[in-house]
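Summary of the model geometry
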Amino acid sequence: MSKIIGAETTTKVEAQPRGKMIAYWTVTLLLAAAVMLSGIGQLMQYGGNLELVRNLGYPLYVLTILGIWKVLGAIALVMPGFPRLKEWVHAGIFFVMTGAALSHAFANDYGDYGFNIILPLSYAALNIASWALRPKSRKL
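Residues numbered from 1 in each chain as written. Predicted model: local features only at pLDDT ≥ 70, side-chain atom pairs only at ≥ 80, totals over all residues. Heavy atoms only, no water.

- For the protein, an unreviewed UniProt entry supplies the name DoxX family protein and the organism Paenibacillus solisilvae.
- Of the protein, the UniProt comment under Subcellular location (unreviewed entry) reads exactly: "Membrane". (UniProt positions renumbered as here; feature names shortened; annotations may be inferred.)

This is the structure we're talking about:
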(Lines give C-alpha, C1' and ligand atoms only; values in the text may rest on other atoms or scores of the structure.)
Protein backbone atom coordinates (compact mmCIF):
# COMPACT_ATOMS: atom_id res chain seq x y z
CA MET A 1 0.00 0.00 0.00
CA SER A 2 2.88 2.34 0.66
CA LYS A 3 4.08 1.76 -2.90
CA ILE A 4 0.83 3.12 -4.33
CA ILE A 5 0.98 6.22 -2.15
CA GLY A 6 4.59 6.77 -3.18
CA ALA A 7 3.64 6.48 -6.86
CA GLU A 8 0.80 8.97 -6.44
CA THR A 9 3.06 11.42 -4.66
CA THR A 10 5.68 11.10 -7.38
CA THR A 11 3.08 11.72 -10.08
CA LYS A 12 1.89 14.90 -8.37
CA VAL A 13 5.43 16.23 -7.97
CA GLU A 14 6.26 15.57 -11.64
CA ALA A 15 3.00 17.11 -12.93
CA GLN A 16 3.61 20.51 -11.36
CA PRO A 17 6.97 21.25 -13.06
CA ARG A 18 5.56 20.10 -16.39
CA GLY A 19 2.77 22.67 -16.13
CA LYS A 20 5.31 25.32 -15.23
CA MET A 21 7.43 24.29 -18.23
CA ILE A 22 4.42 24.56 -20.56
CA ALA A 23 3.60 27.98 -19.12
CA TYR A 24 7.23 29.07 -19.55
CA TRP A 25 7.44 28.03 -23.19
CA THR A 26 4.03 29.49 -24.01
CA VAL A 27 4.91 32.87 -22.53
CA THR A 28 8.47 32.84 -23.91
CA LEU A 29 7.42 31.92 -27.45
CA LEU A 30 4.69 34.57 -27.39
CA LEU A 31 7.22 37.15 -26.16
CA ALA A 32 9.84 36.09 -28.73
CA ALA A 33 7.30 36.26 -31.57
CA ALA A 34 6.06 39.68 -30.48
CA VAL A 35 9.58 41.07 -30.13
CA MET A 36 10.68 39.50 -33.43
CA LEU A 37 7.73 40.93 -35.35
CA SER A 38 8.23 44.31 -33.72
CA GLY A 39 11.91 44.28 -34.65
CA ILE A 40 11.22 43.25 -38.25
CA GLY A 41 8.61 46.01 -38.52
CA GLN A 42 11.14 48.54 -37.27
CA LEU A 43 13.85 47.31 -39.63
CA MET A 44 11.44 47.54 -42.57
CA GLN A 45 10.12 50.88 -41.23
CA TYR A 46 6.65 49.41 -41.65
CA GLY A 47 3.24 50.18 -40.22
CA GLY A 48 3.47 53.61 -38.68
CA ASN A 49 6.91 53.18 -37.13
CA LEU A 50 8.18 56.28 -38.92
CA GLU A 51 5.31 58.38 -37.59
CA LEU A 52 5.77 57.09 -34.04
CA VAL A 53 9.49 57.89 -34.04
CA ARG A 54 8.91 61.34 -35.51
CA ASN A 55 6.19 62.09 -32.93
CA LEU A 56 8.63 61.21 -30.15
CA GLY A 57 11.39 63.35 -31.64
CA TYR A 58 13.89 60.52 -32.14
CA PRO A 59 16.06 60.23 -35.26
CA LEU A 60 14.97 57.58 -37.78
CA TYR A 61 18.15 55.51 -37.40
CA VAL A 62 16.86 54.50 -33.95
CA LEU A 63 14.47 52.15 -35.78
CA THR A 64 17.41 50.26 -37.30
CA ILE A 65 19.25 49.99 -33.98
CA LEU A 66 16.19 48.83 -32.03
CA GLY A 67 15.11 46.50 -34.85
CA ILE A 68 18.46 44.69 -34.90
CA TRP A 69 18.54 44.39 -31.11
CA LYS A 70 14.98 43.03 -30.99
CA VAL A 71 15.55 40.42 -33.70
CA LEU A 72 18.78 39.22 -32.06
CA GLY A 73 17.11 39.23 -28.63
CA ALA A 74 14.17 37.15 -29.85
CA ILE A 75 16.57 34.59 -31.32
CA ALA A 76 18.60 34.49 -28.08
CA LEU A 77 15.46 33.86 -26.00
CA VAL A 78 14.61 30.61 -27.74
CA MET A 79 18.04 29.15 -28.50
CA PRO A 80 19.44 26.59 -26.07
CA GLY A 81 22.20 27.46 -23.63
CA PHE A 82 23.73 30.88 -22.90
CA PRO A 83 21.89 31.65 -19.63
CA ARG A 84 23.86 34.89 -19.05
CA LEU A 85 22.92 36.15 -22.53
CA LYS A 86 19.27 35.38 -21.77
CA GLU A 87 19.51 37.44 -18.56
CA TRP A 88 20.81 40.38 -20.61
CA VAL A 89 18.05 39.91 -23.19
CA HIS A 90 15.37 39.97 -20.49
CA ALA A 91 16.89 43.12 -19.01
CA GLY A 92 17.13 44.73 -22.45
CA ILE A 93 13.53 43.94 -23.35
CA PHE A 94 12.35 45.34 -20.03
CA PHE A 95 14.29 48.59 -20.47
CA VAL A 96 13.31 49.03 -24.13
CA MET A 97 9.61 48.44 -23.45
CA THR A 98 9.32 50.54 -20.31
CA GLY A 99 11.39 53.24 -22.04
CA ALA A 100 9.00 53.17 -25.00
CA ALA A 101 5.98 53.52 -22.71
CA LEU A 102 7.58 56.41 -20.85
CA SER A 103 8.64 58.12 -24.09
CA HIS A 104 5.06 58.01 -25.33
CA ALA A 105 3.72 59.25 -21.99
CA PHE A 106 6.16 62.17 -21.79
CA ALA A 107 5.39 63.15 -25.41
CA ASN A 108 1.61 62.95 -24.72
CA ASP A 109 1.37 60.37 -27.50
CA TYR A 110 -1.03 57.89 -25.95
CA GLY A 111 -2.56 56.60 -29.19
CA ASP A 112 -6.07 55.19 -29.39
CA TYR A 113 -7.24 54.07 -25.92
CA GLY A 114 -3.68 54.38 -24.56
CA PHE A 115 -2.42 51.73 -27.00
CA ASN A 116 1.05 53.31 -27.31
CA ILE A 117 1.57 52.82 -23.58
CA ILE A 118 -0.39 49.62 -22.94
CA LEU A 119 1.32 47.58 -25.69
CA PRO A 120 4.93 48.10 -24.54
CA LEU A 121 3.91 47.57 -20.92
CA SER A 122 2.22 44.29 -21.87
CA TYR A 123 5.47 43.20 -23.57
CA ALA A 124 7.32 44.11 -20.37
CA ALA A 125 4.83 42.04 -18.34
CA LEU A 126 5.29 39.05 -20.68
CA ASN A 127 9.03 39.48 -20.27
CA ILE A 128 8.78 39.41 -16.48
CA ALA A 129 6.55 36.32 -16.62
CA SER A 130 8.98 34.53 -18.95
CA TRP A 131 11.90 35.39 -16.68
CA ALA A 132 10.05 34.30 -13.53
CA LEU A 133 8.91 30.97 -15.03
CA ARG A 134 12.29 29.98 -16.52
CA PRO A 135 13.48 26.47 -15.65
CA LYS A 136 16.63 25.76 -13.64
CA SER A 137 18.55 24.99 -16.84
CA ARG A 138 18.09 28.60 -17.94
CA LYS A 139 19.13 30.20 -14.66
CA LEU A 140 22.62 31.35 -13.77
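1. Re a nonpolar patch on the surface
- Together, Leu37, Ile40, Leu43, Met44, Tyr46, Tyr61, Ile65, Ile68, Trp69, Leu72 and Ile75 make up a nonpolar patch on the protein surface, roughly 1200 Å² of accessible area in all.
- Breaking the nonpolar patch down by element, the ones donating at least two residues are helix H1 (2-43) and helix H3 (61-78).
- With six residues, H3 is the single largest residue contributor to the nonpolar patch.
- Tracing the backbone shows Ile75 in helix H3.
- Of the residues examined, Ile75 reaches a relative accessible area of 41% and is grouped as partly exposed. (Patch = residues over 30% accessible without salt bridge, like charges linked within 9 Å, V, L, I, M, F, W, Y side chains within 5 Å. Areas by Shrake-Rupley, 256 points an atom, 1.4 Å probe, with all protein chains shown as cover. Salt bridge = Lys/Arg side-chain N within 4 Å of Asp/Glu carboxyl O. Helix = DSSP H or I, 4+ residues; strand = E, 2+ residues; numbered from the N terminus. Buried < 20%, exposed > 50% of the residue type's maximum accessible area, 1.4 Å probe, protein only.)

2. Comments concerning the packing of aromatic side chains
- Summed over all chains, the structure comprises two aromatic pairs.
- With a centroid separation of 5.1 Å and 75° between ring planes, the pair formed by Tyr24 and Trp25 is classed as edge-to-face.
- Overall, Tyr24 belongs to the buried group, its relative accessible area being 2%.
- Ring centres of Phe94 and Phe95 lie 5.9 Å apart, and the angle between their planes is 70°; this geometry places the pair in the edge-to-face category. (Phe/Tyr/Trp six-rings, centres within 6.5 Å; stacked < 30°, edge-to-face > 60°.)

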